[in-house]
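Topology and contacts: notes
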Amino acid sequence: MNNTKYKLSVAIPVRDRMILTSKCIESIWRNTTKFDKINIYIFDNKSDLSKDRALYFNTLLKNKLICHYSYDTDVSVYKSFGKGVLFQRWIDMMITEYELYKT
């Protein structure tokens, strides 16, 4: 019997299209049955903030359907193309997690 543990880590940059974000998260959970752990990192790139949006992501965090949520502005992405900054941040998070896990 194979006792290998598999973990999936996914970075999702999002902006305003809540239905697409919702469907993407649902699809990951429904269709990735080979993983023992699923970590979904949401990087909200300058979306229009609303109470409903904040409540939605807070609920996902609370229910452990995502493990990270951050909201970015022009300042936090250095007034550049946000996805490059967000993916670099995610890569740094994965390196840190790997280093902590390795020791």
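Scroll up to find the structure this text is about.
Observations concerning the sheet that holds strand S1 (residues 7-14)
Backbone-to-backbone hydrogen bonds join strands into a sheet, with any given pair of strands oriented parallel or antiparallel. Judged by pairing direction, the sheet is parallel, and its three strands sit side by side in the order S1-S2-S3 without closing on themselves. Looking at the sheet topology across the chains shown, the edges are occupied by S1 and strand S3 (68-72). In this sheet, adjacent strand axes meet at a mean angle of 10° when their direction is disregarded. Bridge count for S1 against strand S2 (residues 37-45) is eight bridges, and the pairing is parallel. Looking at S2, one finds that Ile12 is bridged to Ile42.

A few points about the environment of Asp44
Looking at the element boundaries, Asp44 is found in strand S2. For the pair Asp44 and Lys83, spaced 39 residues apart in sequence, the C-alpha to C-alpha distance is 9.8 Å. Setting aside anything within four residues of it in sequence, one finds Asp44 in contact with Val14, Arg15, Arg53, Phe57, Tyr69, Ser70, Tyr71 and Asp72. A polar atom in the side chain of Asp44 sits 2.8 Å from the side chain of Arg53.

Some remarks on the packing of aromatic side chains
Think of a pair of aromatic rings as described by two things: how far the centres are apart, and how the planes are tilted against each other in angle. Tallied over the full model, the rule gives two aromatic pairs. Look at Tyr56 and Phe57: their rings are 5.1 Å apart centre to centre, the planes differ by 70°, and that puts the pair in the edge-to-face class. Judged by its relative accessible area of 24%, Tyr56 falls in the partly exposed class. Since its relative accessible area comes to 1%, Phe57 is described here as buried.

Section: the nonpolar core
Residues Leu8, Val10, Ile12, Val14, Ile25, Ile28, Ile38, Ile40, Ile42, Phe57, Leu60 and Ile66 constitute the largest nonpolar core, which totals 12 residues. Elements with a contribution of two residues or more to this core: S1, helix H1 (18-31), S2 and helix H2 (51-62). Apart from the residues lying within four places of it in its own chain, the contact partners of Val10 are Ile28, Asn39, Ile40, Tyr41 and Trp90. Membership of the second largest hydrophobic core comes to eight residues, among which are Ala11, Val77, Val85 and Met94.

As for H2
Over its 12 residues, H2 extends 16 Å from the first C-alpha to the last, a length consistent with the 16 Å expected when each residue adds 1.5 Å. Those residues of H2 not exposed but buried are Arg53, Phe57 and Leu60. Burial along H2 is one-sided: seen end-on, the buried residues are contained in an arc of 55°. Of the exposed residues in H2, those oriented more than 90 degrees away from the buried face are Lys51, Asp52, Leu55 and Lys62. Directly beyond the C-terminal end of H2, a positive phi value near 60° is found at Lys64.

What counts, and at which threshold
- Residues numbered from 1 in each chain as written.
- Predicted model: local features only at pLDDT ≥ 70, side-chain atom pairs only at ≥ 80, totals over all residues.
- Heavy atoms only, no water.
- Pairing = 2+ DSSP bridges.
- Helix = DSSP H or I, 4+ residues; strand = E, 2+ residues; numbered from the N terminus.
- Axes fitted to C-alpha atoms, helices over the stretch in contact; angles between N-to-C directions.
- Contact = heavy atoms within 4.5 Å.
- Polar contact = N/O pair within 3.5 Å; in protein donor to acceptor, adjacent residues only side chain to side chain.
- Phe/Tyr/Trp six-rings, centres within 6.5 Å; stacked < 30°, edge-to-face > 60°.
- Buried < 20%, exposed > 50% of the residue type's maximum accessible area, 1.4 Å probe, protein only.
- Core = buried A, V, L, I, M, F, W, Y, C linked by side-chain atoms within 4.5 Å.
- Expected span 1.5 Å × (residues − 1).
- Arc of directions from axis to C-beta.

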